[in-house]
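# Examination of the molecular architecture
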There are 2 protein chains.
Amino acid sequence: MLTKPPGMAAMPEAPRGTRDLLFLREAEIRLAQDLLFFGYRGFTAPPDQILETLDMGRAHHRVLHFVGRRPGITVGDLLGILGITKQSLGRVLQPMIADDYVTQTAGRSDKRQRLLSLTEKGAALERQLYDSQREVIMRAYREAGPQAVEGFRRVMRGLMGEAAREEIDRLEARRP
Amino acid sequence: MLTKPPGMAAMPEAPRGTRDLLFLREAEIRLAQDLLFFGYRGFTAPPDQILETLDMGRAHHRVLHFVGRRPGITVGDLLGILGITKQSLGRVLQPMIADDYVTQTAGRSDKRQRLLSLTEKGAALERQLYDSQREVIMRAYREAGPQAVEGFRRVMRGLMGEAAREEIDRLEARRP
DNA sequence: TGGATATGTCAATCATGCTGACCAAACCCC
DNA sequence: GGGGTTTGGTCAGCATGATTGACATATCCA
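Residues numbered from 1 in each chain as written. Chains lettered and ligands numbered in written order. Predicted model: local features only at pLDDT ≥ 70, side-chain atom pairs only at ≥ 80, totals over all residues. Heavy atoms only, no water.

## Quick word on the overall build of chain A
- Each helix and strand counted, chain A has seven helices and three strands in total.
- Counting helices and strands in the order they occur from the N terminus, chain A gives α-α-β-α-α-β-β-α-α-α.
- Looking at chain A as a whole, 48% of its 176 residues are labelled buried.
- Once local pairs closer than 6 in sequence are excluded, the contacts in chain A between residues at least 24 apart make up 48%.
- Carbon and sulfur atoms make up 53% of the accessible area of chain A, which amounts to about 9,400 Å² in all. (Helix = DSSP H or I, 4+ residues; strand = E, 2+ residues; numbered from the N terminus. Buried < 20%, exposed > 50% of the residue type's maximum accessible area, 1.4 Å probe, protein only. Contact = heavy atoms within 4.5 Å. Areas by Shrake-Rupley, 256 points an atom, 1.4 Å probe, with all protein chains shown as cover.)

Structure follows, in structure tokens:
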């Protein structure tokens, strides 16, 4: 089963002189990949730890987060934000309604809609999860400084698609 | 099944005068949560699209990335980086070896070890996935500017635990 | 009235993680 | 040299969260 030498792939060709520059560029991109992988993991770890004691997962957290962020959101809008199918959402959302974390209300203008909001219980859990992430983010922000935070925001916005950028703007605008 | 009004949870109390400050703080943290969610998704979307045509997933990409990043890495070290169990890794890694994306070589000093490297085929796929992510990252970096990139790096480093920070330093140091 | 829309649900499947148990080979120390 | 430890592989079973396809219901709107 074991082979002899690995036989690594060749580096891509580059004209003399530009080689160092291209190489530095590649190193920067590779670093970005590593930072996003480990950074995102650090960001999700604290809520994950709390959730597993409640037999919930990251999917539940996302529902709590975005429903809390936009109370009265429709199921369709939530599906659009999460980017999953209604079947996938249903399996997470319906138990959360049954367990009194989320409530549904029929839409005023369109009675087909089910407007979602957090209950007191749901809001309390969301706040606990929020606090655990707040700690991590505050520490990172404090260590990096305000200018770095602004740079972080600019880069993260650039990483997402146009649709997500508009979605974030909508979430920010709706700030109560 | 539908209840009447949502009954939103109360905002946490805060003494007069500090209220605005605390509120702004919370808005900043909430924004960070949104940015990380949508940004990470934008970052992973392009490789995911390629991978699904090959019947592979994100787990395969992570193996390709970190083995490519550290050729000759041991199975144990890879497990440590990925933070998963050997059973989970095995199910992804063994098919990749069978399909000639990854090779194993017995360690020179310790023959129990299986040193992992990418084959030509594996390196080619890894580069294709890298290129798709490179596009997204380059665009975000270009739009945000060099100072923002430095800030992004500082914040992402702060988000991860000490162990991950050391791991990244090790990966950077091993730059060929 | 009838088609489109919003939501829910059943059934099957897939990807990726987990635990527990166990095995084999190699290493290392007494 | 023998015995315990380490490294890696593997089997079985399970959970989560995603998918598709098909279908049901209630409501909206032209």
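## Looking at the interface of chain B and chain A
- With 82 residues of chain B in contact, the opposing surface of chain A contributes 81 residues.
- When the two sides are added together, the surface that chain B and chain A hide from each other amounts to roughly 8,000 Å², 65% of it contributed by carbon and sulfur.
- The tally of links from chain B across to chain A stands at eight salt bridges.
- Across the pair B:Glu26 and A:Arg127 runs a salt bridge whose closest N-O atoms are separated by 3.0 Å.
- Of all the elements in the fold, those that place two or more residues in the side of chain B that touches chain A are α1 (19-52), α2 (58-69), α3 (75-82), β1 (102-106), β2 (114-118), α5 (120-144), α6 (146-159) and α7 (162-173) of chain B.
- It is α1(B) that contributes the most residues to the side of chain B that touches chain A, 20 residues altogether.
- Among the residues forming the side of chain B that touches chain A, the class breakdown is 43 nonpolar, 16 polar and 23 charged. (Buried area = accessible area lost by both parts, 1.4 Å probe. Salt bridge = Lys/Arg side-chain N within 4 Å of Asp/Glu carboxyl O. Nonpolar A, V, L, I, M, F, W, Y, C, P; charged D, E, K, R; others polar.)

## Focus on the pattern of salt bridges
- Enumeration according to the criterion identifies 30 salt bridges over all chains in this entry.
- When the shortest N-O distance is used, the salt bridge between A:Glu167 and A:Arg170 registers 3.2 Å. With A:Glu167 and A:Arg170 both in helix α7 (residues 162-173) and three residues apart, this pair spans about one turn of that helix.
- A relative accessible area of 10% means that A:Glu167 is categorised as buried.
- Salt bridges here are not isolated pairs; linked through shared partners, they connect A:Glu26, A:Arg30, B:Glu126 and B:Arg127.

## A closer look at the nonpolar core
- Formed by 100 residues in total, the largest nonpolar core has its most connected members in A:Phe38, A:Phe152, B:Phe38 and B:Phe152.
- Setting aside chain neighbours within four positions, we find B:Phe152 in contact with A:Leu35, A:Leu36, A:Ala148, A:Gly151, A:Phe152, A:Val155, A:Met156 and B:Tyr141. (Core = buried A, V, L, I, M, F, W, Y, C linked by side-chain atoms within 4.5 Å.)

## Comments concerning the relation of the copies chain B and chain A
- Rotating chain B by 180° about the axis while translating it 0.0 Å along that axis superimposes it on chain A, leaving an RMSD of 0.0 Å. In the structure described here, the two chain copies are related by an operation that fits a two-fold rotation axis. In terms of proximity to the rotation axis, the leading residue of chain B is B:Phe152, whose C-alpha is 1.9 Å off the axis.
- The fraction of interface residues of chain B whose copies in chain A are also interface residues reaches 99%, indicating that both copies meet through the same surface. (Least-squares fit on C-alpha atoms with pLDDT ≥ 70 in both.)

## Section: the packing of aromatic side chains
- Evaluated as defined, the whole model comprises eleven aromatic pairs over all chains.
- For the ring pair A:Tyr40 and A:Phe43, a centre distance of 5.8 Å and an interplane angle of 45° mean the geometry is tilted. Of the two residues, A:Tyr40 and A:Phe43 both sit in helix α1 (residues 19-52), three residues apart, roughly one turn of that helix. By the burial criterion, A:Tyr40 is buried, and A:Phe43 matches it.
- A network of ring pairs unites the aromatic residues A:Tyr40, A:Phe43, B:Tyr40 and B:Phe43 as a single cluster.
- Between A:Lys121 and the ring centre of A:Tyr101, over which it is positioned, the NZ or CZ distance is 4.5 Å. (Phe/Tyr/Trp six-rings, centres within 6.5 Å; stacked < 30°, edge-to-face > 60°. Lys NZ or Arg CZ within 6 Å of the ring centre and 35° of its normal.)

## Considerations on the protein's contact with DNA strand C
- Inspection of the region around DNA strand C gives 25 residues, with A:Lys86, A:Gln104, A:Arg112, B:Arg62 and B:Arg91 positioned closest.
- Contact distances for DNA strand C include 3.5 Å between a phosphate oxygen and a backbone N or O atom of B:Ala59.
- Taking B:Thr85, its main chain carries an N or O atom lying 2.8 Å from a phosphate oxygen of DNA strand C.
- Element by element, the count of residues in the surface near DNA strand C is highest for α2(B), at four residues. (Near = heavy atom within 4 Å. Polar contact = N/O pair within 3.5 Å; in protein donor to acceptor, adjacent residues only side chain to side chain.)

## Structural notes on helix α3 (residues 75-82) of chain A
Residue and element names in this part refer to chain A.
- By the burial criterion, the buried members of α3 are Leu78, Leu79, Ile81 and Leu82. Seen end-on, α3 carries its buried residues on one side only, within an arc spanning 165°.
- Gly83 sits one or two residues past α3 and shows a positive phi near 70°. (Arc of directions from axis to C-beta.)

## Points about the protein's contact with DNA strand D
- Close to DNA strand D lie 25 residues, the nearest being A:Arg62, A:Ser88, A:Arg91, B:Lys86 and B:Arg112.
- Sugar and phosphate atoms form 52% of the subset of DNA strand D atoms that lie within 4 Å of the protein.
- One nitrogen or oxygen atom from the side chain of A:Arg62 is found 2.5 Å from a phosphate oxygen belonging to DNA strand D.
- For the surface near DNA strand D, the secondary-structure elements that each account for two or more residues are α2 (58-69) and α4 (86-98) of chain A together with α3 and α4 (86-98) of chain B.
- For the surface near DNA strand D, the element with the highest residue contribution is α2(A), accounting for four residues.
- Considered class by class, the residues forming the surface near DNA strand D number three nonpolar, 13 polar and nine charged.

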